[in-house]
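What follows is the residue order along each chain.
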Amino acid sequence: MVTVGLLATLHAAPGMADEVATFLTGGLPLVQAEQGTVAWFCFRIDESTFGLFDAFGDEAAMQAHLDGDLAGALMGHAGQLLSKPPEIRRVELLAAKLPD
């Protein structure tokens, strides 16, 4: 069962929206390799705003994701790709419908 999640909002720097989209979608294989990440969604909110939603079975899996390759790469490139630091919120998951 999933119990915790992360909701992140990212604002692309001027002229960098396509690069942010490419960077985020390119992170899928990294997240697929994370055993504790139950669900991961990458989405576009508007032309320059993107979002990530991740779901985990427990706090340890969430922390492993935050310490993982994609998070590290994102923080390493945030200065050039984003207009401001990512807004990351921890959420408590009350209910979920996931594939079997």
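For the structure itself, look to the data block above.
Residues numbered from 1 in each chain as written. Predicted model: local features only at pLDDT ≥ 70, side-chain atom pairs only at ≥ 80, totals over all residues. Heavy atoms only, no water.

This part covers the nonpolar core. Among the nonpolar cores identified, the biggest contains 19 residues, and L10, V20, L24, F50 and L82 are the most heavily contacted of them. At the level of secondary structure, the elements contributing two or more residues to this core comprise strand 1 (4-11), helix 1 (17-26), strand 3 (49-56) and helix 4 (69-81). Ranked by residue count, the leading element in this core is helix 1, at five residues. Look past the residues within four positions of F50 in its chain and what remains in contact with it is A8, T9, L10, A12, A17, V20, A21, L24, F43, R44 and I45. Counting five residues, the second-largest nonpolar core is a separate cluster that includes L6, F56, A61 and M62. (Core = buried A, V, L, I, M, F, W, Y, C linked by side-chain atoms within 4.5 Å. Buried < 20%, exposed > 50% of the residue type's maximum accessible area, 1.4 Å probe, protein only. Helix = DSSP H or I, 4+ residues; strand = E, 2+ residues; numbered from the N terminus. Contact = heavy atoms within 4.5 Å.)

Attention shifts here to the layout of surface pockets. Over the atoms a probe the size of a water molecule is rolled, and this reveals where empty space is left. Approximately 190 Å³ is the volume attributed to the largest pocket. Every residue lining the largest pocket is counted, 13 residues in all, and those nearest its centre are L52, H65, A71, L74 and I88. Examining the composition of the lining of the largest pocket, we find that four residues originate from one element, helix 4, more than from any other. (1 Å grid on protein atoms, 1.4 Å probe; cavity = no way out; pocket = protein on both sides within 12 Å on 5 of 7 lines; lining within 4 Å. Points joined across faces, edges and corners; volume = space filled by probe spheres on them.)

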